[in-house]
Amino acid sequence: MPQPKQEKDVYYGFEQGPIRPPSEARSLLIRVTRNCPWNRCTFCHVYKETRFSVRPEAHVIEDIEAIHRHVETLKRMADASGSILRRDINAAVEGLAPHEHETFGVALNWYAGGMRSIFLQDANSLIVKPDSLIRILRHLRRRFPWVERITSYARAHTVARISDENLREMCAAGLNRLHLGLESGADAVLRMVHKGVDKQTQVKAGRKVKKAGMELSEYIMPGLGGRAFSREHALETADALNQIDPDFIRLRSLAIPDGIPLTEELRSGRFVKLGDTDTVREIRLFVEHLDGITSMITSDHILNLFAEVEGRLPDAKPAILALLDRYLALPADEQCRFQVGRRLGLFTALEDLERPKRRAKVDAFCVQHGITPDNVDEMIAQIMTRFI
Ligand code: SF4
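Residues numbered from 1 in each chain as written. Predicted model: local features only at pLDDT ≥ 70, side-chain atom pairs only at ≥ 80, totals over all residues. Heavy atoms only, no water.

A. The arrangement of the side chain of R55 in detail. Along the chain, the position of R55 falls in the loop between β3 (53-54) and α1 (57-77). For R55, a relative accessible area of 3% corresponds to the buried category. In terms of polar contacts, R55 uses its side chain to reach the side chain of D63, at 2.6 Å. Excluding anything up to four places from it in sequence, R55 contacts Y11, G13, E15, R31, V32, T33, R34, V60 and D63. (Helix = DSSP H or I, 4+ residues; strand = E, 2+ residues; numbered from the N terminus. Buried < 20%, exposed > 50% of the residue type's maximum accessible area, 1.4 Å probe, protein only. Polar contact = N/O pair within 3.5 Å; in protein donor to acceptor, adjacent residues only side chain to side chain. Contact = heavy atoms within 4.5 Å.)

Take a look at the structure:
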């Protein structure tokens, strides 16, 4: 007699996880695992109260097949330029079973975004057995041979334990970029925030990714050392990255929403958070010590004060330092105005301080909410939690 299926064997349909890197906004999201197998970093809110699981390979393949079917439908409806009439899309949706609507929407968005890249979710896809991950990658390649990039988040701790040969095979099967959350190169900071990995392992993992032929994107978190470790955080993180030379260094400043372990540290006074201006000083020290590498620095997260900290090293370094120095030379009320304007979405660059209408709006907001240079950091911390 056939055994009843276990819950984990039942396919409930296409799945998507909660997050992806900002640079993967146009990517197709394929969920290979659910949540985070570590889940102990004190600054991270994303997967708290969730359980990690690896999705059965057959379910991931079913997801890929569903998207492939819809993409083929869309391609048939398109004219020579690739455009599709809204009328035809509506007709296609009407012909679908209700449970297929969401998947069709995902396929349609991906089609509209050019179908160039795929991102494997959730927090650490490389924890999947290499053979299984390689089969999934090959299936993606078979179904979507035109895709230029397949990427994933991964933990350095996991990557460091995968053989060079397996990483090379993953790369050959299409996985050509990894996003690693380095956060800090300082062991004191990594221990404090329970990152579960030390600097040496982070460097080892980063180098292995590059050796395998994949592009490497390293995330760092300005402010993560708090006041106590700010200098060490800047210098050790720069040193780790100098040893790795990743393709991308992406900044994502610390924000502390309610409900994460770091909030408790903050309330008890064990962790003292840096304000925006001290974070800029820390970033300046960090950038100053990046040396001998050709990484692209980006600041593509709304939590960062500057979107303009961007460019390829080493040529971009003088301009980035000059920008940070210009901010640090401003009087306190102008720094305060810029901090608020940036977080309200009214300013994107320091030059925006010269725009009278936007400036007036920021000033009106500051008056209405009682924001002054003395309390701006506290007020900004509240605003920033809305972006998380
Ligand atoms: S490893 Fe990444 S996803 Fe997991 S808890 Fe840490 S920061 Fe969050």
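Anyway, onward from the coordinates.
B. Region of the structure containing empty space enclosed by the protein. Scanning all chains against the criterion turns up two cavities of 30 Å³ or more. Around the largest cavity, the lining residues are I220, M221, P222, H233, A234, T237, L251, E282, I283 and F286. Elements that contribute at least two residues to the lining of the largest cavity include exactly α9 (230-244) and α11 (276-288). Classifying every residue of the lining of the largest cavity by side-chain character gives seven nonpolar, two polar and one charged. The space that makes up the second largest cavity amounts to roughly 40 Å³. Contributing to the lining of the second largest cavity are K8, V10, Y11, Y12, G13, E15, R34, R55 and H59. (1 Å grid on protein atoms, 1.4 Å probe; cavity = no way out; pocket = protein on both sides within 12 Å on 5 of 7 lines; lining within 4 Å. Points joined across faces, edges and corners; volume = space filled by probe spheres on them. Nonpolar A, V, L, I, M, F, W, Y, C, P; charged D, E, K, R; others polar.)

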